[in-house]
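One letter stands for each residue in the lines below.
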Amino acid sequence: MTITAFDFERCYRAVSTRDSRFDGQFFTAVRTTGIYCRPSCPAITPKRANVTFLPTAAAAQQAGYRACRRCLPDAAPGSPLWNTRADLAARAMRLIGDGVVERAGVPGLAATLGYSQRQLTRVLTTELGAGPLALARAHRAHTARLLIQTTAMAMSDIAFAAGFASIRQFNDTVREVFAVSPTTMRLEAQRAKTAAPARPAPAGSGSLTLRLPYREPLDRAWLEWFLSAHAVPGMESWENRAYIRNLRTPHGHATARLSFQRDHVRAELSLHDMRDLAPTVTRLRHLLDLDADPVGIDEALGVGSAARGPSRKRLPEHAAEDLPDAGAGSPPESENSPELPPLAGPSFTPGIRVPGCVDAPELLLRTMIGQQISVSAAATHTARLVEALGERVDGPIPLLFPAPGVIAERGAEVLTGPARRIRSIIAAAEALASGELLLHQGRTAADLRRDLLALDGVGPWTADYVTMRLLADPDVLLGTDLVVRRGASLLGIHLTDTARWAPWRSYLSMHLWKAALTSRATASGIPALATTKGSDES
């Protein structure tokens, strides 16, 4: 979506009604005040003649606007466009959010995407109103504000943790974007009488608590089930309705404790290096699919159109033990299937999310370990690998998932199961360790899927599942998954004709998965689902 492609009337209507659904999807710049806001800003709606709409905060800053200190536009959920779009601009935004510019500069970003710096800058400026440096600068400003307002870190430490090259650059950026000095911003935060996040962490502790906003509704029960069912002892845990895990970060590691609240996810972070705050937050948001537009998705799928607010329908605690992860071969395509009814009924709740990942190599290797066995069995096999080869760290969770190089070297000593699967996992780990296989969010779905299918032991289901979760691709139908097919059968949905639900078939897959699980656990007299996968990828 280019700047000129914005529908002025639609945007102005969203601003007039303070529709929070559009927060993060565009920004309102007010010429008479020189301020830019989120659409739901509680301030008086500006006159039509005085506003312009911009696709990114960086575009607003580039045009000379400063952030509204009342609505904090940088604190809005991220734009869902970066997931629904697969073009260069969207892929660049994913990598910028992960801190690639801070670590490798614009040359590194361009090389990762396969373009020249000049081409990349031209495309981003045309599409998003700002070049890669300005977009990264806006991201640094947001990180700086978080650290200023939620920690007691020294300003000099914040400057470098946020990715600034100098303290002067940090001071100038904060003043330019927020119209106050860093010291004043901290004092204002301390004086604020409104409900604040957790108390500031001590200076240098590397610990802080953040609120991760999301667009309602949110099917909380689905995410809670997914996280708890797939938790691997030693590196993850689920206790007291909270998910705790270790994750690798660009400069070390971090521990995150996530719990779902009424209008946000509470994230308690402990970082080995505070420079990893921004990429850690980005990866956690990706894991929970917090930047999705659930109302738009539900409307397209016809799911619970009248429902609002987070879902509290809980899935059974132990249903995961018999839930397979993959399915048999795909049925033939049909062009003449009968028209399908909209999704409705008790099995479908508004706000379902497609879980992402925090570590791409981990996602692929864990998926391969879990081929043709149940979720609980996969967790057991993975826990054995983590216990033997994982890196030990301080904190409530003792281990990190092993690095690909370690698995490539010693995985054969620990992994059990069919010899061919073990060889396939070792080969994939070797490809990741050597750089022969690149897994990152800047890749196109087609290229990523092609490279995954080139691996021995990786078939269509694994390639689709990894692509869906790594890239947050909204339109992957897991049509070969046994559980998805079971859900479709229960609801009379023909998986041979799903074009009407594009581009949201990843979410359709989650609805069908949940429907099968719920039916399996609650309906009497229905045989248990198979405890092994019926995949042809063995």
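Look up: the structure comes first, before these words.
Basis of the calculations
Residues numbered from 1 in each chain as written. Predicted model: local features only at pLDDT ≥ 70, side-chain atom pairs only at ≥ 80, totals over all residues. Heavy atoms only, no water. Pairing = 2+ DSSP bridges. Helix = DSSP H or I, 4+ residues; strand = E, 2+ residues; numbered from the N terminus. Phe/Tyr/Trp six-rings, centres within 6.5 Å; stacked < 30°, edge-to-face > 60°. Buried < 20%, exposed > 50% of the residue type's maximum accessible area, 1.4 Å probe, protein only. Axes fitted to C-alpha atoms, helices over the stretch in contact; angles between N-to-C directions. Expected span 1.5 Å × (residues − 1). Core = buried A, V, L, I, M, F, W, Y, C linked by side-chain atoms within 4.5 Å. Contact = heavy atoms within 4.5 Å.

## Some details on the pairing of strand E9 (residues 264-271)
Sheet topology places strand E5 (residues 207-213) next to E9; 7 bridges connect them, and they run antiparallel. The residue bridging Leu 210 from the neighbouring strand is Ala 267, located in E9. Two elements, strand E8 (residues 252-260) and E9, share 7 bridges in a ladder whose sense is antiparallel. Bridging from a neighbouring strand, Ala 254 pairs with Leu 271 of E9. Taking the residues that link successive antiparallel strands as the turn, the E8-E9 hairpin has 3 residues.

## Comments concerning the packing of aromatic side chains
Tallied over the entire structure, the rule returns 14 aromatic pairs. Ring geometry for Phe 22 and Phe 26: centres 6.2 Å apart, planes at 45°, overall tilted. Residue Phe 22 shares its accessibility class with Phe 26, and that shared class is buried. Taking 6.1 Å as the distance between ring centres and 65° as the angle between the ring planes, the aromatic pair formed by Trp 504 and Tyr 507 counts as edge-to-face. On the basis of relative accessibility, which here comes to 16%, the residue Trp 504 falls in the buried class. When its relative accessible area of 5% is taken as the criterion, Tyr 507 is described as buried.

## Topic: the sheet that holds strand E6 (residues 236-239)
Spatially, 5 strands are ordered E5-E9-E8-E7-E6 in an open sheet, and the strand pairing comes out antiparallel. The sheet terminates laterally at E5 and E6, the two strands that pair on one side only. Strand-to-strand, the axes of this sheet are offset by a mean angle of 25°, without reference to chain direction.

## Let's talk about helix H19 (residues 460-471)
Every α-helix carries 3.6 residues per turn, so stepping three or four residues along brings you back to the same face. In a regular helix each residue adds 1.5 Å, so 12 residues correspond to 16 Å; H19 covers 16 Å between its end C-alpha atoms and thus fits that length. Burial runs high along H19: 11 of the 12 residues are buried. Listed in full, the buried residues belonging to H19 are Trp 461, Thr 462, Ala 463, Asp 464, Tyr 465, Val 466, Thr 467, Met 468, Arg 469, Leu 470 and Leu 471.

## Observations regarding the nonpolar core
Counting 68 residues, the largest nonpolar core has Leu 364, Leu 439 and Leu 452 as the members making the most contacts within it. In contact with Leu 452, other than residues within four places in its own chain, are Leu 364, Leu 437, Leu 439, Val 458, Ala 463, Val 466 and Thr 467. Counting residues in hydrophobic clusters, the runner-up holds 52 residues, among them Ala 141, Met 153, Leu 277 and Val 281.

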